[in-house]
Amino acid sequence: GAFLRGLKDFPRLLQKQVCYDWQMALAALWVLPITLVIVGFSKRAQNYFTRRQNAALIAMADGVQACESPLPSWSRLQVTN
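Keep in mind that this is a model prediction, so the values were computed, not measured.

K.L.:
Kindly report on the packing of aromatic side chains, identifying the contributing residues and their values.
P.N.:
All told, the structure shown has 1 aromatic pair when counted by the stated rule. Note on Tyr48 and Phe49: the rings are 5.1 Å apart at their centroids and 70 degrees apart in plane angle, and the pair reads as edge-to-face. Look at Tyr48 and you get partly exposed, because its relative accessible area is 42%. Owing to a relative accessible area of 47%, Phe49 belongs among the partly exposed residues under this scheme.

K.L.:
Mind laying out the pattern of salt bridges, listing which residues take part and the relevant values?
P.N.:
Within this structure, the stated rule accounts for 1 salt bridge. As a salt-bridge pair, Arg12 and Asp9 come within 3.7 Å of each other at their nearest N and O atoms. Placement of the pair is Arg12 and Asp9 together in helix H1 (residues 2–20), with a separation of 3 residues, close to one helical turn.

K.L.:
Quick one: what's the story with a nonpolar patch on the surface, residue by residue and with numbers?
P.N.:
Taken together, the side chains of Trp30, Val31, Ile34 and Ile38 present a nonpolar region at the surface, about 410 Å² in accessible area. For Ile34, the location among the structural elements is in helix H3 (residues 31–67).

K.L.:
Give a description of H1 that names residues and reports values.
P.N.:
Helix length check: H1, at 19 residues, gives a terminal C-alpha distance of 25 Å against a target of 27 Å (1.5 Å per residue), a fit within 8%. The largest bend along H1 measures about 40 degrees and falls at Phe10, with the proline Pro11 one to four residues further on.

Parameters and conventions
Residues numbered from 1 in each chain as written. Predicted model: local features only at pLDDT ≥ 70, side-chain atom pairs only at ≥ 80, totals over all residues. Heavy atoms only, no water. Phe/Tyr/Trp six-rings, centres within 6.5 Å; stacked < 30°, edge-to-face > 60°. Buried < 20%, exposed > 50% of the residue type's maximum accessible area, 1.4 Å probe, protein only. Salt bridge = Lys/Arg side-chain N within 4 Å of Asp/Glu carboxyl O. Helix = DSSP H or I, 4+ residues; strand = E, 2+ residues; numbered from the N terminus. Patch = residues over 30% accessible without salt bridge, like charges linked within 9 Å, V, L, I, M, F, W, Y side chains within 5 Å. Areas by Shrake-Rupley, 256 points an atom, 1.4 Å probe, with all protein chains shown as cover. Expected span 1.5 Å × (residues − 1). Bend = angle between axes of the 7 residues up to and from the residue.

Written as structure tokens, this is what we have:
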């Protein structure tokens, strides 16, 4: 609701700001491309570290499964007289 209204009003407000003081409008807008670059790189970094962690967890689970031995059978544990 409010976010979409804000997006709809953004061009009109930007035009008013440019007409009022173009230097302030430019100062407010330089942040946008920098923000998009930061978000893009952080997404790539997050994906990289997530894949790395998942690979490590899978390797650990495979190692645990390889070291598991079956439970001893009860017949070997019975005491005979």
